[in-house]
Amino acid sequence: MKTKGISRRKFIAATSAGVAGVYVGLHASLARAMMGSGGMGGGGMGGGMGGTTTIIDPPPGAAFFDIPDATKNSAGAYELLVQEAKLRLNGTPVTLLTYNGMYPGPVIRAAKGDMLKVRMVNGLPKTTATNILGHRRNITNLHTHGLHVSPSGMADNMMMMAAPGEALDYEYDLAFEEPGHLNFYHPHVHGTVAEQYWGGLAGPLVIEDKEGRGAGPLGGYETHVMLIKDITISSGLPEPYTSTSQYMRGKEGNLVMVNGRVNPVLSIRPGQVQRWQIVNACNARFLKLSLDRHSLWLVGTDGGLLDKPYQLSTILLAPGERIDVLVKADQAGGSFKFLSLPYDRGMSSLQQITLLTLAYSGISASDTLPLTVNPAATRLNMNFSLLPRRQITLSMMMGKGYINGISFTGMDKAYTIMSKLGTYEVWQIVNQSNMDHPFHQHVNSCQVLSISGGDSSYASLYTTIPAWKDVVTVPKMGSVTMLVPVTDYDGMTMFHCHIVEHEDIGMMGVWDIMMM
């Protein structure tokens with residue numbers, strides 16, 4: 001595998017314009033992970049790629065930044081003001097789209113059983129301008145990505161939209177939510193999702209562990225929420241979309257940040273265990289995560305906590321996916337790189353990126369990993385042959401995305417699935433394109449039954465552990481079969497590719513969940 005890089009002097013000059021990339025030597029274990037068969041310790045698309053890999057290794061930056069929690073108003077609602085804000089990213093001035101003037105948006109926290117209230121005010125400028133797809137700009141709304149809540153009324157209803165100067169008062173009944181559940185929020189107005197998301201609109205949403213903060217099997221660990229997002233800055237603004245080919249490929253930025261910082265330094269005490277709750281909020285970038293000389297102990301996925309920790313050397317995280325991991329400082333000392341290793345999703349260059357530096361410091365601790373996390377987590381066991389089966393085919397052609405041959409242009413002009421509430425179905429998602437598609441369904445998480453093609457370790461992991469998923473990578477020219485519960489809520493919702501550019505050009509369908 002070839003590598004290329006630039007000098008530290010050139011890196012510093014480049015980052016002032018929003019570009020990064022330098023060469024770094026690898027510890028042997030990471031070199032093997034890069035050059036082997038990919039995935040979580042082997043197998044699949046991550047290896048044998050050939051070509052050139054760019055090493056992006058910015059110098060260690062400022063101290064790690066924990067995103068502040070959102071605050072409630074006197075009515076008990078979290079307030080989110082969508083507004084343009086002048087900020088600095090990696091030293092470069094930039095005007096972004098933000099929630100409450102922050103990048104990323106603040107952490108919204110709630111608990112199972114709560115009535116979560118969010119007041120979203122659209123403070124963007126009034127305009128009649130349209131983007132290159134012909135959709136009017138600055139109309140927005142809020143999708144609570146991952147929440148098991150109603151898609152109707154003033155809950156996770158994508159048909160509700162706010163023009164500039166308007167507000168939406170959301171209420172989400174969390175009676176059926178899963179404790180210890182990592183989610184996030186972002187806009188979801190068809191045709192403008194990619195621009196607004198790329199421009200900065202995303203923030204974490206955490207459902208607390210059932211024992212509450214600071215209690216339970218994970219409560220004693222220092223915890224950090226990490227929202228990973230990329231961007232390219234051009235003339236003090238997010239680089240604009242100028243062609244449909246950018247929608248076909250999906251944008252990948254030349255600044256890749258954790259909580260809005262480039263390669264922040266996170267301190268850990270020798271022997272300490274930390275909990276990292278990680279969101280891939282990139283438009284199109286896949287992250288193949290690895291921490292030099294350390295294991296990642298997986299304790300939660302999109303749909304909530306697992307039964308026990310699972311030891312991994314690397315894990316693939318597609319756009320929209322989330323993981324909850326434990327990291328134990330079990331080395332003698334030093335600083336270690338948290339990396340995104342090269343991964344070939346199709347239509348993208350190969351890069352290795354230093355996301356964060358973990359630095360040992362302070363008095364030694366004697367933390368231990370839990371033996372169990374969520375004993376209730378289990379894989380469902382039923383006769384799948386008796387369940388209704390559906391095939392959903394993803395394809396792309398001539399600047400448009402399709403599901404079963406139909407390109408979404410509206411709720412009444414889309415491929416539609418009609419399901420009966422209180423049932424289970426088996427969905428086979430078939431990818432007829434030459435790039436991976438992270439398939440996301442709203443409202444109900446699934447369990448993965450099989451994956452054909454792609455990263456074999458990703459497939460092995462998610463077809464064996466008791467994980468619930470609302471985003472699953474469908475490999476290029478491959479397929480995924482998943483068990484889909486249709487539970488608790490009726491109404492009209494959606495499923496789509498979470499390379500959000502693909503959603504905007506039509507790779508989205510309607511899911512009509514009906515009372516029996």
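Note: the structure precedes this text.
Student: What am I meant to see in the pairing of strand β11 (residues 222-231) here?
Tutor: Each regular strand carries side chains that alternate between the two faces of the sheet. Taken across its 10 residues, β11 has 8 buried, putting it largely inside the fold. Bridge analysis of β11 against strand β16 (residues 273-280) gives 7 bridges, and the strand direction is parallel. Paired with isoleucine 228 across the two strands is asparagine 280, which belongs to β16. Pairing between β11 and strand β14 (residues 255-258): 4 bridges, direction antiparallel. Residue pairing across strands places isoleucine 228 opposite valine 258, the latter belonging to β14.

Student: Would you mind going over the nonpolar core with me for this structure?
Tutor: For soluble globular proteins, nonpolar side chains are generally found buried alongside one another. Formed by 96 residues in total, the largest nonpolar core has its most connected members in Trp276, Ile278, Leu289, Leu298 and Trp427. Counting 25 residues, the second-largest nonpolar core is a separate cluster that includes Leu116, Ala155, Tyr185 and Ile207.

Student: Please clarify how the side chain of serine 445 should be interpreted in this entry.
Tutor: By the element assignment, serine 445 lies in the loop between β28 (437-441) and β29 (447-452). Once residues within four sequence positions are removed from consideration, serine 445 is found in contact with Gly303, Trp468, Lys469, Asp470 and Pro485.

Student: Before we go on, may I ask you to explain empty space enclosed by the protein in this structure?
Tutor: Remark: the empty space left among the atoms is shown by a probe the size of a water molecule rolled over them. One pass over the full model with this rule turns up 2 cavities of 30 Å³ or more. As a volume, the largest cavity reaches approximately 100 Å³. By residue class, the composition of the lining of the largest cavity is 5 nonpolar, 4 polar and 3 charged.

Student: Please explain the pattern of salt bridges as it appears in this structure.
Tutor: Pairing is possible between side chains of opposite charge, provided their charged atoms come close. Here the structure, examined in full by the defined rule, presents 18 salt bridges. The partner of arginine 345 in a salt bridge is glutamate 252, and the shortest N-O contact between them spans 2.7 Å. With a gap of 93 residues between them, arginine 345 in the loop between β22 (335-341) and β23 (350-360) and glutamate 252 in the loop between α4 (244-249) and β14 connect regions that are remote in the sequence. Arginine 345 gets classed as buried once you look at its relative accessible area, which sits at 1%. A cluster of three or more residues bridged by salt bridges with shared partners is formed by Asp302, Glu321, Arg322, Lys469 and Asp470.

So, how was this worked out
Residues numbered from 1 in each chain as written. Predicted model: local features only at pLDDT ≥ 70, side-chain atom pairs only at ≥ 80, totals over all residues. Heavy atoms only, no water. Buried < 20%, exposed > 50% of the residue type's maximum accessible area, 1.4 Å probe, protein only. Helix = DSSP H or I, 4+ residues; strand = E, 2+ residues; numbered from the N terminus. Pairing = 2+ DSSP bridges. Core = buried A, V, L, I, M, F, W, Y, C linked by side-chain atoms within 4.5 Å. Contact = heavy atoms within 4.5 Å. 1 Å grid on protein atoms, 1.4 Å probe; cavity = no way out; pocket = protein on both sides within 12 Å on 5 of 7 lines; lining within 4 Å. Points joined across faces, edges and corners; volume = space filled by probe spheres on them. Nonpolar A, V, L, I, M, F, W, Y, C, P; charged D, E, K, R; others polar. Salt bridge = Lys/Arg side-chain N within 4 Å of Asp/Glu carboxyl O.

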